[in-house]
Amino acid sequence: MRGRGDRLAAMVADSELDLVLVTDLVNVNYLTGFGGTNGACICGSDKRLFFTDFRYSERAETEVEGWDVVTVKDDWLAGLAERLWGKVGFEDDHLSVRTLRRLEEKLADGVETAPAGDKVEKLRRVKDAGELAAIAAAAELADEVWRWSLEHGLAGRAEREVARAAEARIRELGAEPSFPAIVAAGPNGALPHAEPGEREIEPGELVVFDMGAKLDGYCSDGTRTFATGDPGERAREAYEVVRAAQAAALEAVAAGIGGEALDEVAREVVKAAGHGERFGHGLGHGVGLEVHEAPRVSQRSEDVLEAGEVVTIEPGVYLPGEFGVRIEDLVVVTEEGHRNLSGLPKELQLVE
């Protein structure tokens with residue numbers, strides 16, 4: 001954790017700021033290792049302060065590495081303000097206007113604040129070996145739960161039953177769902193973020209099954225589309241379009257490609273098949289401590305992929321009132337290509 005604070009301090013030194021105040025708890029956890037519900041950090045060239053309250057002071061002493069631990073006893077914002085000086089950057093994506101104004105009222109004369117942007121999120125993009133191992137383990141666990149779910153069958157069961165059973169199995173294996181599982185059959189599959197309901201999965205339908213696990217603090221994310229018997233020629237054709245689009249995008253993944261350009265690789269395949277308007281979301285996103293984080297892989301992305309980033313590759317086709325298809329892998333970007341963390345086959349699987 002010490003090295004992460006040093007990297008943030010180097011970013012501060014290269015900016016017009018003297019300090020950065022980190023208040024987002026995910027970012028605090030990333031920098032310090034603290035897993036409680038109240039914490040903040042102040043980071044500068046020669047300052048590494050971690051703040052919490054009396055409830056977590058003992059926990060912080062065991063979890064926080066490379067930061068001086070400060071226990072704020074009374075006024076939380078005053079405890080932060082009295083240790084701020086110069087020009088202080090704040091996380092403008094996370095700190096509310098109201099809280100910022102209250103903090104500014106407590107600052108000493110001459111101390112000014114300025115938006116710091118997403119400095120910690122930029123650090124989080126490239127994963128170290130330990131992070132990659134944790135994400136890979138979460139993905140492997142999720143693959144095991146998919147196999148277990150298919151062994152129990154899909155047809156004749158309610159979407160919600162399948163989703164809840166999968167989430168329960170994730171917990172049995174020592175993890176947590178990284179997000180509520182999506183099980184969407186038949187026409188419900190045309191809703192990219194459908195909520196599983198009481199609708200019974202019928203024979204001869206496509207079933208979009210989107211799921212992830214969170215293990216040791218790190219997330220996985222993946223999707224497969226299964227068929228409960230022969231779904232018909234139109235559904236099979238759409239499935240093969242999505243599979244081809246995903247294969248093309250995977251082939252193009254490598255450090256240096258832009259998120260917009262990578263998205264376009266898959267989108268061109270879908271467009272050529274006449275389904276361009278039915279692929280309405282981005283191709284993918286980063287995954288780490290959160291299931292959705294930087295970088296973005298979409299039509300409006302300005303991000304350029306770097307080695308060590310973990311991203312999803314998940315094209316889809318959604319035909320309202322009929323069905324949906326999405327195939328999603330979780331990959332590590334490398335200098336020459338990628339390492340796929342998703343182990344399930346991508347040929348259309350027929351499930352009882």
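Residues numbered from 1 in each chain as written. Predicted model: local features only at pLDDT ≥ 70, side-chain atom pairs only at ≥ 80, totals over all residues. Heavy atoms only, no water.

Caption draft 1: Seen up close, the overall build of the protein. On a plain count of helices and strands, the protein comes out with ten helices and 19 strands. Radius of gyration (C-alpha) of the protein: 23 Å, near the 20 Å computed for a compact globule of 352 residues. In terms of its C-alpha atoms, the protein occupies a principal-axis envelope of roughly 70 × 40 × 35 Å. Contacts in the protein between residues far apart in sequence, at least 24 positions, make up 67% of those at least 6 positions apart. (Helix = DSSP H or I, 4+ residues; strand = E, 2+ residues; numbered from the N terminus. Rg over C-alpha atoms; globule rule 2.2 N^0.38 Å. Contact = heavy atoms within 4.5 Å.)

Caption draft 2: Molecular detail of the packing of aromatic side chains. The tally for this structure, following the rule as stated, stands at four aromatic pairs. Arranged with centres 4.9 Å apart and planes meeting at 55°, the rings of F34 and F50 form a pair that is tilted. Remark: F50 occurs in strand β3 (residues 47-53) and F34 occurs in the loop between α2 (25-32) and β2 (40-44); sequence separation between them is 16 residues. Per residue, the accessibility class of F34 equals that of F50, and both read buried. By relative accessible area, F34 is classed as buried at 2%. Aromatic rings pair up to connect F34, F50 and Y56 into one cluster. (Phe/Tyr/Trp six-rings, centres within 6.5 Å; stacked < 30°, edge-to-face > 60°. Buried < 20%, exposed > 50% of the residue type's maximum accessible area, 1.4 Å probe, protein only.)

Caption draft 3: Spotlight on helix α8 (residues 159-172). Under the 1.5 Å per step criterion, the end-to-end length of α8 is 20 Å for 14 residues, consistent within 8% with the ideal 20 Å. As for α8, its buried residues are in contact with α7 (129-151), β7 (176-177), β8 (182-185), β9 (206-211) and β10 (213-215). Of the residues trailing α8, G174 is marked for its positive phi of about 95°. (Expected span 1.5 Å × (residues − 1).)

Caption draft 4: The sheet that holds β10, seen in detail. With antiparallel pairing, three strands are arranged side by side in an open sheet as β7-β10-β11. The sheet is open, and its two borders are formed by β7 and β11 (218-219), each paired with just one other strand. Bridging between β10 and β11 involves two bridges; their strand directions are antiparallel. Bridge pairing in β11 links K214 to C219. (Pairing = 2+ DSSP bridges.)

Caption draft 5: Layout of the nonpolar core. Judged by nonpolar contacts, the single largest core of 35 residues is most densely connected at V22 and F50. Looking at this core, the elements with two or more residues in it are α1 (2-13), β1 (19-22), α2, β2, α6 (119-125), α7, β11 and β18 (329-333). Ranked by residue count, the leading element in this core is α7, at four residues. Setting aside residues no more than four positions away along its own chain, V22 makes contact with L8, N27, V28, L31, A40, C41, E91 and V120. In terms of nonpolar packing, the next biggest core, distinct from the first, is built from 29 residues, A245, A266, L305 and F323 among them. (Core = buried A, V, L, I, M, F, W, Y, C linked by side-chain atoms within 4.5 Å.)

Caption draft 6: The packing of helix α9 (residues 233-252) against helix α10 (residues 259-272), seen in detail. Interhelical geometry of α9 versus α10 gives an angle of 155° and a closest axis separation of 8 Å. What the angle tells us is that α9 and α10 run roughly antiparallel. You can see that α9 and α10 cross each other, and the crossing is right-handed. Here V241, A244, A245, A248, A249 and A252 of α9 lie close against α10, whose contacting residues are L262, V265, A266, V269 and V270. Here the contact of α9 with α10 is composed, by residue class, of eleven nonpolar, no polar and no charged. (Axes fitted to C-alpha atoms, helices over the stretch in contact; angles between N-to-C directions. Parallel < 35°, antiparallel > 145°, perpendicular 65-115°, else oblique. Left-handed = near helix turned anticlockwise from the far one by under 90°. Nonpolar A, V, L, I, M, F, W, Y, C, P; charged D, E, K, R; others polar.)

Caption draft 7: Up close: the pairing of strand β14 (residues 293-297). Across three bridges, strand β13 (residues 284-286) lies against β14 in antiparallel orientation. In the strand pairing of β14, H285 is matched with R296. Counting the residues between successive antiparallel strands, the hairpin from β13 to β14 contains six residues.

Caption draft 8: Summary view of the pattern of salt bridges. Following the criterion strictly, the structure yields 29 salt bridges and no others. Of the charged contacts in the structure, one is a salt bridge between E172 and R169, with a shortest N-O distance of 2.9 Å. Residue E172 and its partner R169 are both found in helix α8; the two are separated by three residues, about one turn of the helix. Overall, E172 belongs to the exposed group, its relative accessible area being 57%. A residue is classified by how much of its surface remains accessible, and R169, at 21% relative accessible area, is partly exposed. (Salt bridge = Lys/Arg side-chain N within 4 Å of Asp/Glu carboxyl O.)

Caption draft 9: Structural detail: the sheet that holds β8. The strand order across the open sheet formed by three strands is β8-β9-β12, and the pairing between neighbours is antiparallel. This sheet does not close on itself; its edge strands, each paired only once, are β8 and β12 (222-227). Pairs of neighbouring strands in the sheet enclose a mean axial angle of 15°, with direction left out of account. Judged from the six bridges that link them, β9 and β12 form a sheet pairing that is antiparallel. Within the sheet, the bridge partner assigned to M211 lies in β12 and is G222. Its contacts with the sheet put α7 on β9 and β12, and the angle it makes with β9 is roughly 145°. Where α8 meets the sheet, its contacts fall on β8 and β9, and the angle it forms with β8 comes to roughly 155°.

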